[in-house]
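Report on the structure
Now for the letters of each chain:
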Amino acid sequence: MNSTQSIGGESLLRRYEYEDRWVVAADLGVDDDDVSVDTVGSTAIVVVDHGDDVSEAELDLPDTADAASVTNGVLTIEVEK
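Everything in this summary refers to the structure shown in the same document. Every value quoted in this text rests on a predicted model; they were computed, and no experiment measured them.

Before going further, it helps to examine the environment of arginine 15. With respect to the helices, strands and loops of the structure, arginine 15 is situated in strand β2 (residues 11–17). Given a relative accessible area of 28%, arginine 15 falls into the partly exposed group. C-alpha separation for the pair arginine 15 and proline 62, spaced 47 residues apart in sequence, amounts to 9.7 Å.

What follows concerns the pairing of strand β5 (residues 43–49). Along any regular strand the residues' side chains alternate between the sheet's two faces. When strand β4 (residues 35–40) meets β5, the two strands line up antiparallel, connected through 6 bridges. The partner of valine 37 across the bridge, within β5, is valine 46. Counting the residues that bridge the hairpin from β4 to β5 gives 2 residues, and of these glycine 41 lies at a positive phi of roughly 60°. With 7 bridges connecting them, β5 and strand β6 (residues 54–60) associate as antiparallel partners.

Inspection of every chain in the model, using the stated rule, returns 0 aromatic pairs. The ring of tyrosine 18 is capped by arginine 21, whose NZ or CZ atom sits 5.0 Å from the centre of that ring. For the cation-ring pair, lysine 81 lies above tryptophan 22, with the distance from its terminal atom to the ring centre recorded as 5.2 Å.

One open sheet holds the 3 strands; their spatial order is β4-β5-β6, and the pairing between them is antiparallel. Where the open sheet ends on each side, the last strands, each with one partner, are β4 and β6. Each neighbouring strand pair of the sheet contributes to a mean axis angle of 15°, computed without reference to strand direction.

Conventions and cut-offs
- Residues numbered from 1 in each chain as written.
- Predicted model: local features only at pLDDT ≥ 70, side-chain atom pairs only at ≥ 80, totals over all residues.
- Heavy atoms only, no water.
- Helix = DSSP H or I, 4+ residues; strand = E, 2+ residues; numbered from the N terminus.
- Buried < 20%, exposed > 50% of the residue type's maximum accessible area, 1.4 Å probe, protein only.
- Pairing = 2+ DSSP bridges.
- Phe/Tyr/Trp six-rings, centres within 6.5 Å; stacked < 30°, edge-to-face > 60°.
- Lys NZ or Arg CZ within 6 Å of the ring centre and 35° of its normal.
- Axes fitted to C-alpha atoms, helices over the stretch in contact; angles between N-to-C directions.

Listed below in structure tokens is the structure:
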């Protein structure tokens, strides 16, 4: 099951389901240094610094995250099944 939704009015959040894991990905469109990601249980807290504004989003994950990273402005969170 793959699903897509928008977060923060601009970014697209996609969830991909594979046999052994879920992958949540969002193209944030900002520099990697401007993004902070923290996971608590099955929630990811994403803070993006836009220079003159800071936005925060909480993402519900299917389970506890195993890894979270930002590369070239793309947030990727992996969750093992």
